[in-house]
Amino acid sequence: GRGRGRGRGQMTFNVEAVGIGKGDALPPPTLQPSPLFPALERRAAPLPGGEEGEYMLALKQELRRAMRGLPYFVKPGAPRRDIERYSDKYQLSSPVDSAIDWNPDWRRLPRELKIRVRRLRKGRTAPLVPKQHVALDKEETIKKLESLEKKEEEVTSEEEEEKEEEEEGKEEEEEEYDEEEHEEETDYVLSYFDNGESFGPDSDDNGDEAVY
Amino acid sequence: MTQAELRLCSLLLQEHFGEIVEKVGNSLLRTGPRPLRLLVGDTGLLPDQVKKALCVLIQHNLVRYEVQPRGSVEYEARSERILRILRYPRYIYTAKTLYGDPGELLVEELLLHGHLSMSCAVAKVADRLTETMEDGKTMDYSEVSSTFVRLADTHFIQRCPMVPESPQSAKAPPPPAPALAIAEKDMYIVPRLNLVGKGKRRHSCDEEEEGEHKAKRQKQEGGTSETPPDDGIYWQVNLERFHQHFRDQALVSAVASRMDQTSSEVVRTMLRMSEVTTASGASHTQPLSSNEIFRSLPAGYNIGKQVLDQYLALLADDPLEFVGKSGDSGGGTYTVSILWGGTWPYRAPPSPVQHPSLIPLLLHRFGSRCARIFRLLLRKKHLEQKQVEDFAMIPAKEAKDMLYRMLSENLVSLQEIPKTPDHAPSRTFYLYTVNVMAAARMLLHRCYKSVANLMERRQHEMRENKRLLEKSQRVEAILASMQATGAEAAQLHEVEEMITGPERQQLETLKRNVNKIDASENQVDETIFVLESFIESTMKKP
């Protein structure tokens, strides 16, 4: 037969050649997958420290942080609300699926990839090519008023704005974004608008009840 | 692609570009090149989201596209390029050591944005440098431009393939995607630009004035900056050149550790002279005459011509064959062999060069004795069980145990040599041997797995402490705004107290752990580089 029964444990090659002598206890058979965290026999060598290591570490973390803020970090668009609310007009702009937040060179990309480029937020720095001088002056004045108005807003939204302004190119826009024009018309400072939704989904209904 | 590589690519994409891009990249990596509509179907994302993701990936050279004969466009992910994201800090740091702050920021901006035009890059970097300067000072464009030119001259950055100047024929419809191409000779030509200007600060002390001035300035520049003069010419980082630099560095340090500082300087000089003349895959540099080398030595090294010749002779005679003598003209011409382990293992057997001594370092995990056995096997190629014990001077039982463990990890393999045609086990030699390529590949696979594990662990740590992190960020924001409005020390102290002692400790521990993990990732990437270079260069050998 094949060595079943008699002479059990024989193998096709000479076991001694590999170094397992006769009568040596073989390690017990493995009945389960190896443990997830096997015991460390030796500690790993310490990481090389020094200026180079420190600097590269800082660079790495900085890069990670920076890339999350760039428009290349694609976020899913905000889900549609159940009802269109009046306050939606005045909310800080959230990601939108149907627009891309930066302006690639479309000549270098396949045509099928082209989607609308979103012009981010207010305070467009490059005025449109003026058709008439009068129109330009008015726009300039409006812009000056705008910019003065903006100063009153909170620090955080201002930083966001300036960050986005930096990212914008000075190139001509293909399509106007409606949000802009609405925002320019308002007299109210947008950050003051609080639609009270942060207090819970049914805040409107429970307004009269006592709070315990 | 191995599972380990796929997983690592996935994590890198997700960490740097978000989940949408990760999903698209993943789909391309796992299933291969496909057109847009299949991608949309596969990922379950909205078409616009997929388009955005593809734009981002193409911008960063992580995906390429090709027009198929039927007219559809297929997209293909470049896995090896995605893995390079891990090495970005090293590229940036190298640029800093070579070209200072402007160089560092230029390379960083190019990596962050994928590719940029020269005018754009210079403007961004000038702005960033201005931010760091004292009030009232600005960085001039010319300094940044000159650094840019130097980077291009030494091939660290290169031009991207360009859109062809197609003669527009009215009848033929434009192709669905442009065929980008660039000639080798054009890759490093910097366009003649007259970039005049200074960096601008984002915040200035007098904000109201700034607002008005900004509006006026934009109006003036609005007319001229419609199309920048270098429109259509984009630049990207030349990763291969950086890799070449890393290899050179490693070679120089190997020579330094084997011989002395001066000989390493000689080799460094030779490499520097051949930087741009050596093709990226070449096994040797161009021959350099010793006269040329003598002239190019750095100013500080006052060694005589004869001394230099002696050094060169020593280097050429060294069994590791870093330097080879290739002729006698001009006082003797020499080349540097830049293949990893240049002459090993196919020519006359010298002892293993630098990289295989890396592997014993990795075997630290198994112990220094295992490393000794491994080095022995590398040197002697095939050894019997008994011979291993004898040469390595390790007791039999230990040696058997170690060999067996290495065998189970596939670092070492058994070679059968039968004495009789019937391959009877008792009459066959069993020799231990090292298959270097297999071992290198296995280790590389392990490295990818390690980095992926490290990243996952790091993300886990951040997720676990998310609440605490957010709280500390809020507190810092409050502190900053309070300090800006001039609050008293007592009030500031009160706000600081919002984070309790134990919480502070928790944050400290978190920071320490994350730093350790990040540093480890950098470290593993160094190993990945060595192994990848080795495998690549060995496969190229005729």
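Quick caveat: nothing in here was measured; it's all calculated off a predicted structure. (Residues numbered from 1 in each chain as written. Chains lettered and ligands numbered in written order. Predicted model: local features only at pLDDT ≥ 70, side-chain atom pairs only at ≥ 80, totals over all residues. Heavy atoms only, no water.)

A. Spotlight on the overall build of chain B. Assigned secondary structure in chain B consists of 21 helices and 12 strands. Looking at the 542 residues of chain B, the share that counts as buried comes to 49%. The long-range fraction of contacts in chain B, counting pairs at least 24 apart against all pairs at least 6 apart in sequence, stands at 64%. Of the roughly 27,100 Å² that chain B leaves accessible, carbon and sulfur atoms contribute 51%. (Helix = DSSP H or I, 4+ residues; strand = E, 2+ residues; numbered from the N terminus. Buried < 20%, exposed > 50% of the residue type's maximum accessible area, 1.4 Å probe, protein only. Contact = heavy atoms within 4.5 Å. Areas by Shrake-Rupley, 256 points an atom, 1.4 Å probe, with all protein chains shown as cover.)

B. Here's a closer look at the overall build of chain A. Of regular secondary structure, chain A possesses five helices and two strands. Starting at the N terminus and ending at the C terminus, chain A contains elements arranged as α-α-β-β-α-α-α. Within the span of chain A, comprising 212 residues, buried residues form 28% of the whole. When contacts within chain A are restricted to residue pairs at least 6 apart in sequence, those whose partners lie at least 24 apart make up 60%. Only carbon and sulfur atoms are counted for the fraction: they give 52% of the accessible area of chain A, which is about 16,100 Å².

C. Broad picture of the side chain of Glu109 of chain B. Tracing the backbone shows Glu109 of chain B in helix α6 (residues 88–113). Contact partners of Glu109 of chain B, with chain neighbours within four places excluded, come to Leu116, Lys124, Val125 and Arg128 of chain B.

D. Inspection of the packing of helix α2 (residues 19–31) of chain B against helix α4 (residues 47–59) of chain B at higher detail. Residue and element names in this part refer to chain B. Running from amino to carboxyl end, α2 crosses α4 at an angle of 80°, the nearest separation of the two axes being 9 Å. Judged on the interaxial angle alone, α4 and α2 are roughly perpendicular. Taking contact as the criterion, the partners of Ile20, Val21, Val24, Gly25 and Leu28 in α2 are, on α4, Gln49, Val50, Ala53, Leu54 and Leu57. The class makeup of the residues in the contact of α2 with α4 is eight nonpolar, two polar and no charged. (Axes fitted to C-alpha atoms, helices over the stretch in contact; angles between N-to-C directions. Parallel < 35°, antiparallel > 145°, perpendicular 65-115°, else oblique. Nonpolar A, V, L, I, M, F, W, Y, C, P; charged D, E, K, R; others polar.)

E. Local environment of the sheet that holds strand β4 (residues 116–117) of chain B. Residue and element names in this part refer to chain B. Spatial ordering of the open sheet is given by β4-β6-β5, a layout of three strands whose pairing is antiparallel. The sheet terminates laterally at β4 and β5 (157–159), the two strands that pair on one side only. Pairing of β5 with strand β6 (residues 234–237) involves three bridges; the strand directions are antiparallel. Each residue of the ladder has a partner; that of Gln158, found in β6, is Gln236. Strand contacts of α6: β4, β5 and β6, with the helix running at about 100° to β6, the strand carrying the most contacts. (Pairing = 2+ DSSP bridges.)

F. Quick peek at the side chain of Arg90 of chain B. Note on placement: Arg90 of chain B falls in helix α6. Glu526 of chain B provides the closest opposite charge to the buried, salt-bridge-free Arg90 of chain B, at an N-O distance of 5.0 Å. Leave out the neighbours within four places in its chain, and Arg90 of chain B touches Met56 of chain A together with Phe246, Gln249, Glu526 and Phe529 of chain B. (Lys, Arg positive; Asp, Glu negative; His and termini not counted. Salt bridge = Lys/Arg side-chain N within 4 Å of Asp/Glu carboxyl O.)

G. Structural context of the confidence of the model for chain B. Overall, the predicted model of chain B reaches an average pLDDT of 80, with 82% of residues at or above 70. Across the interfaces of the predicted complex, the ipTM metric reaches 0.81, alongside a pTM of 0.75. (pLDDT = per-residue confidence, 0-100.)

H. The arrangement of the UniProt feature "domain: RNA polymerase III subunit RPC82-related helix-turn-helix" (unreviewed entry) in chain B in detail. UniProt feature "domain: RNA polymerase III subunit RPC82-related helix-turn-helix" (unreviewed entry): in the numbering of this structure it lies at residues 8–65 of chain B. What you have in residues 8–65 of chain B is 76% helix and 9% strand, and the ends, taken at the C-alpha atoms, are 23 Å apart. (UniProt positions renumbered as here; feature names shortened; annotations may be inferred.)

I. Geometry of the packing of α6 of chain B against helix α7 (residues 118–132) of chain B. Residue and element names in this part refer to chain B. Contact geometry of α6 with α7 gives a least axis separation of 9 Å together with a crossing angle of 125°. Overall, the two elements α6 and α7 adopt an arrangement that is oblique. Relative to α7, α6 is oriented so that their crossing is right-handed. Counting all contacts with α6, which are made through Asp101, Pro102, Leu105, Leu106, Glu108, Glu109 and His113, the residues of α7 involved are Ala121, Lys124, Val125, Arg128 and Leu129. Along the lines of polarity and charge, the residues of the contact of α6 with α7 split into six nonpolar, one polar and five charged. (Left-handed = near helix turned anticlockwise from the far one by under 90°.)

J. Quick look at helix α16 (residues 385–392) of chain B. Residue and element names in this part refer to chain B. When α16 is considered as a whole, its buried residues turn out to be Gln385, Val388, Glu389 and Ala392. In an axial view of α16, the angular spread of the buried residues amounts to 95°, which keeps them on one side of the axis. Immediately downstream of α16, the backbone of Met393 shows phi near 55°, a positive value. (Arc of directions from axis to C-beta.)

K. Broad picture of the sheet that holds strand β11 (residues 413–418) of chain B. Residues and elements named next belong to chain B. The three strands lie next to each other as β10-β12-β11, forming an open sheet whose pairing is antiparallel. The outermost strands of the open sheet, each flanked by one partner alone, are β10 (382–384) and β11. Neighbour-to-neighbour, the strand axes of this sheet turn through a mean angle of 40°, independent of strand direction. Pairing between β10 and strand β12 (residues 428–433): three bridges, direction antiparallel. Looking at β12, one finds that His382 is bridged to Thr433. Helix-sheet contacts for α16 involve β10 and β12, and the interaxial angle to β10 is about 95°.

L. The pairing of strand β2 (residues 63–67) of chain B, seen in detail. Residues and elements named next belong to chain B. Two elements, β2 and strand β3 (residues 73–77), share five bridges in a ladder whose sense is antiparallel. From the neighbouring strand, Tyr65 faces β3, where its bridge partner is Tyr75. As consecutive antiparallel partners, β2 and β3 are separated by five residues, and within that stretch Gly71 has a phi angle of approximately 105°, a positive value.

M. Quick peek at the packing of aromatic side chains. Applying the stated criterion to the full structure yields nine aromatic pairs over all chains. Considering the side-chain rings of Tyr55 of chain A and Tyr93 of chain B, the 5.6 Å spacing of their centres and the 50° angle between planes classify their relative orientation as tilted. Placement of the pair is Tyr55 of chain A in helix α2 (residues 50–69) and Tyr93 of chain B in helix α6, with the two residues belonging to separate chains. For Tyr55 of chain A, a relative accessible area of 28% gives the class partly exposed. The class of Tyr93 of chain B is buried, set by a relative accessible area of 15%. Judged by centre distance (5.5 Å) and plane angle (90°), the ring pair of Phe246 of chain B and Phe529 of chain B falls under edge-to-face. Pair noted here: Phe246 of chain B is in helix α10 (residues 239–258) and Phe529 of chain B is in helix α21 (residues 501–540), with a separation of 283 residues, a long-range link. (Phe/Tyr/Trp six-rings, centres within 6.5 Å; stacked < 30°, edge-to-face > 60°.)

N. Molecular detail of the pattern of salt bridges. With the rule as written, the count across this model stands at 23 salt bridges over all chains. The closest approach of N and O atoms between Asp525 of chain B and Arg87 of chain B, which form a salt bridge, is 3.1 Å. Pair noted here: Asp525 of chain B is in helix α21 and Arg87 of chain B is in the loop between α5 (79–83) and α6, with a separation of 438 residues, a long-range link. The same class applies to Asp525 of chain B as to Arg87 of chain B, namely buried. One salt bridge in this structure joins Arg457 of chain B and Glu461 of chain B, with 2.8 Å as the shortest N-O distance. Remark: Glu461 of chain B and Arg457 of chain B occur in helix α18 (residues 436–464); sequence separation between them is four residues, near one turn of the helix. Arg457 of chain B sits in the partly exposed class, given a relative accessible area of 44%. A network of salt bridges, in which partner residues are shared, links Lys60 and Arg64 of chain A together with Glu15, Arg458, Asp518 and Glu521 of chain B.

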